[in-house]
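Take a look at the letters that make up each chain.
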Amino acid sequence: MKSQLNKQIREQARHESVEEILKNKLDDFEPQIIEYKEVKNNGKSAIALWSDWHYGIEVDSVINKFNPDICRERVRKLVNKTITHCKTHDIDELHVFIAGDIISAENYNIIRLQNRENLIDQIINASDLLTQSLIEIAKNIPKIKIVYIISSNLANIIIPPY
């Protein structure tokens, strides 16, 4: 009974510590302001699926090289290609589905060893990358709807009421 209580106390302290660290790190970020423009809807829409960024992991082998800098570059290319596609096809509404594994996380020991960034930095930096990418798209595409899928098996999908 006492060991269970101590475990709960440690978990609570860890949770409060993570929350405090996140708050302190987020104080460095400036709020993003987006100017919205009234647009005429032509009825053309598209879907983009963003998943498996694995932000935070570092791999350097004969088969593959990957790190947060490469991830940012790949996301920049994804955003540019998305904007180009939407402009080429006169898309005025983009549905962005954000699926799992945006961060590398720390689910397994081998992944923990390959991570360049700790979990809190992964969350903050990947969130910033995601935010900046969506802002860039919002500057070029009149209407964006975001759907966040919270599990890899598509069982839990958050669809905001529009």
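Residues numbered from 1 in each chain as written. Predicted model: local features only at pLDDT ≥ 70, side-chain atom pairs only at ≥ 80, totals over all residues. Heavy atoms only, no water.

1. Examining the pattern of salt bridges
(1) Moving on: Scanning all chains against the criterion turns up 5 salt bridges.
(2) Moving on: The salt bridge partner of K143 is E93, with a shortest N-O separation of 3.4 Å. Linking K143 in strand β5 (residues 143–149) with E93 in strand β4 (residues 93–98), this pair joins segments that are 50 residues apart in sequence.
(3) Moving on: Among the ionic pairs, E93 bridges to K145, the shortest N-O distance being 3.8 Å. Within this pair, whereas E93 is found in strand β4, its partner K145 is found in strand β5, the two being separated by 52 residues in sequence.
(4) Moving on: Relative accessible area serves as the criterion here: at 14%, E93 is assigned to the buried category.
(5) Moving on: By sharing partners, the salt bridges in this structure join E93, K143 and K145 into a single network. (Salt bridge = Lys/Arg side-chain N within 4 Å of Asp/Glu carboxyl O. Helix = DSSP H or I, 4+ residues; strand = E, 2+ residues; numbered from the N terminus. Buried < 20%, exposed > 50% of the residue type's maximum accessible area, 1.4 Å probe, protein only.)

On their own, these measurements won't tell you what the molecule is for.
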